[in-house]
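Results of the structural survey
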Amino acid sequence: MRLSQCAVAALFVAAAPVLATPAEYGRAMLELATKSGCMACHTLVPTAPRADGLAPIAPAWRDVAIKYRDDPVASERLTRTVMTGSNPQARHWAGKVGEVAMPPNAAVVSEADARALVNWILVLVP
Ligand code: HEC
């Protein structure tokens, strides 16, 4: 192979898009969420009422998707909320989940990963 062909081949490999099926995408995102500690508090779909009668720790992500389905800036804002934590003085899920706000996640997730997670969460509408 000539050098120029080789360079073109290398470029093609580097630029090849990652074609994930929806199932692969979902699996990869759930893995990232689990690795990042999100699933310690969140669930994908609402769970049955707790035996102790307490509210869930955090909103199910399907409910997050429903709440922000018509909000064009949700991706940007929620990414920031995931990185810096939710404001305890302005809870978005007051009365629906427990009393403890979401702590910042910046120590365990990069901004790019947080954005990827949020964009996945936002399409979890039923
Ligand atoms: C220690 C528990 C905890 C962890 C860990 C956690 N969250 Fe949360 N999360 C919460 C709580 C509580 C709320 C509700 C905040 C509120 O009432 O405004 C929330 C809310 C959210 C929301 C909606 C915010 C809004 O303004 O409506 C998103 C999106 C979210 N979390 C994503 C994530 C992601 C992604 C991760 C992992 C990187 C994560 N969370 C980790 C507790 C947690």
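Look up a bit, the structure's there.
Structural notes, computed from the coordinates. Because the structure is a prediction, the values reported are computed rather than measured. (Residues numbered from 1 in each chain as written. Predicted model: local features only at pLDDT ≥ 70, side-chain atom pairs only at ≥ 80, totals over all residues. Heavy atoms only, no water.)

Observations concerning the packing of aromatic side chains
Aromatic rings considered in pairs are described by the distance between their centres and by the relative angle of their planes. Rule in force here: Between 30 and 60 degrees the pair is tilted, below 30 it is stacked and above 60 it is edge-to-face, where a pair is any two Phe, Tyr or Trp rings, Trp via its six-membered ring, whose centres lie within 6.5 Å. Where helices and strands are cited, they refer to DSSP runs of H or I of at least four residues and of E of at least two residues respectively, numbered from the N terminus. Partly exposed residues are those whose accessible area sits between 20% and 50% of the maximum for their type, while under 20% is buried and over 50% is exposed, using a 1.4 Å probe and protein chains only. Only when the NZ of Lys or the CZ of Arg is both within 6 Å of the ring centre and within 35 degrees of the ring normal is a charge said to sit over the ring.
This model, assessed by the stated rule, comprises one aromatic pair. Seen in terms of ring centroids, W61 and W120 are 6.1 Å apart; in terms of plane orientation they differ by 80°. Their pairing is edge-to-face. With a gap of 59 residues between them, W61 in helix 3 (residues 61-67) and W120 in helix 5 (residues 111-121) connect regions that are remote in the sequence. As far as burial versus exposure is concerned, W61 and W120 are alike and both buried. Its end group placed over the ring of W93, K67 keeps NZ or CZ at 5.1 Å from the ring centre.

Quick word on the site of the ligand
The line we're drawing: Nearness is judged by heavy atoms alone; a residue qualifies as near a molecule or strand once a single heavy atom is within 4 Å of it. N or O atoms within 3.5 Å of each other form a polar contact, as long as, within protein, one can give a hydrogen and the other can take it, and as long as residues adjacent in sequence are counted only when both atoms are side-chain atoms. Definitions used throughout: a 1 Å grid over protein atoms alone; a cavity as a set of points that fits a 1.4 Å probe which cannot get out; a pocket as an open set with protein on both sides within 12 Å along at least five of seven lines; a lining residue as one with an atom within 4 Å of a point. Any molecule with more than half of its atoms within 2 Å of a cavity's or pocket's grid points is counted as sitting in it. Asp, Glu, Lys and Arg are counted as charged, while Ala, Val, Leu, Ile, Met, Phe, Trp, Tyr, Cys and Pro are counted as nonpolar; the rest, among them Gly, fall into the polar class.
Near the ligand, the surroundings consist of 19 residues, among which C38, C41, H42, Y68 and M102 are the closest. In this structure, Y68 approaches the ligand through a side-chain N or O atom, which is 2.5 Å from an oxygen atom. R91 places a side-chain nitrogen or oxygen 2.7 Å from an oxygen atom of the ligand. In this structure the site holding the ligand corresponds to the largest pocket. Within the shell around the ligand, the residues separate by chemical class into 13 nonpolar, five polar and one charged.

Here we look at the coordination of the iron atom of the ligand
Rule in force here: Sodium, potassium and calcium take a 3.2 Å donor cutoff, other metals 2.8 Å, and in both cases only N, O and S atoms count; water is not among them, so sites may look incomplete. Irregular is the default label, applied whenever a site is not tetrahedral (four donors, all angles between 85 and 135 degrees) and neither square planar nor octahedral (four or six donors, opposite donors over 155 degrees apart, all other angles between 65 and 115).
Taken together, the protein donors to the iron atom of the ligand comprise H42 (NE2) and M102 (SD), at separations of 2.0 to 2.2 Å. In this structure, the iron atom of the ligand is coordinated by six donor atoms arranged in octahedral fashion, with angles at the metal of 86 to 179°. With a gap of 60 residues between them, H42 in the loop between helix 2 (22-35) and helix 3 and M102 in the loop between helix 4 (74-84) and helix 5 connect regions that are remote in the sequence.

Remarks on the pattern of salt bridges
For clarity, the cut-off: Each salt bridge in this description consists of a side-chain nitrogen of Lys or Arg and a carboxyl oxygen of Asp or Glu lying within 4 Å of one another.
All chains considered together, the criterion is met by four salt bridges. One salt bridge in this structure joins D71 and R77, with 3.1 Å as the shortest N-O distance. The class for D71 is partly exposed, based on a relative accessible area of 24%. Note that E111 is salt-bridged to R115, the shortest N-O span being 2.8 Å. On the criterion of helical spacing, the pair formed by E111 and R115 is a turn pair, its members being four residues apart in helix 5. A relative accessible area of 25% means that R115 is categorised as partly exposed. Here the residues in one salt-bridge network are E76, E111 and R115, joined through shared partners.

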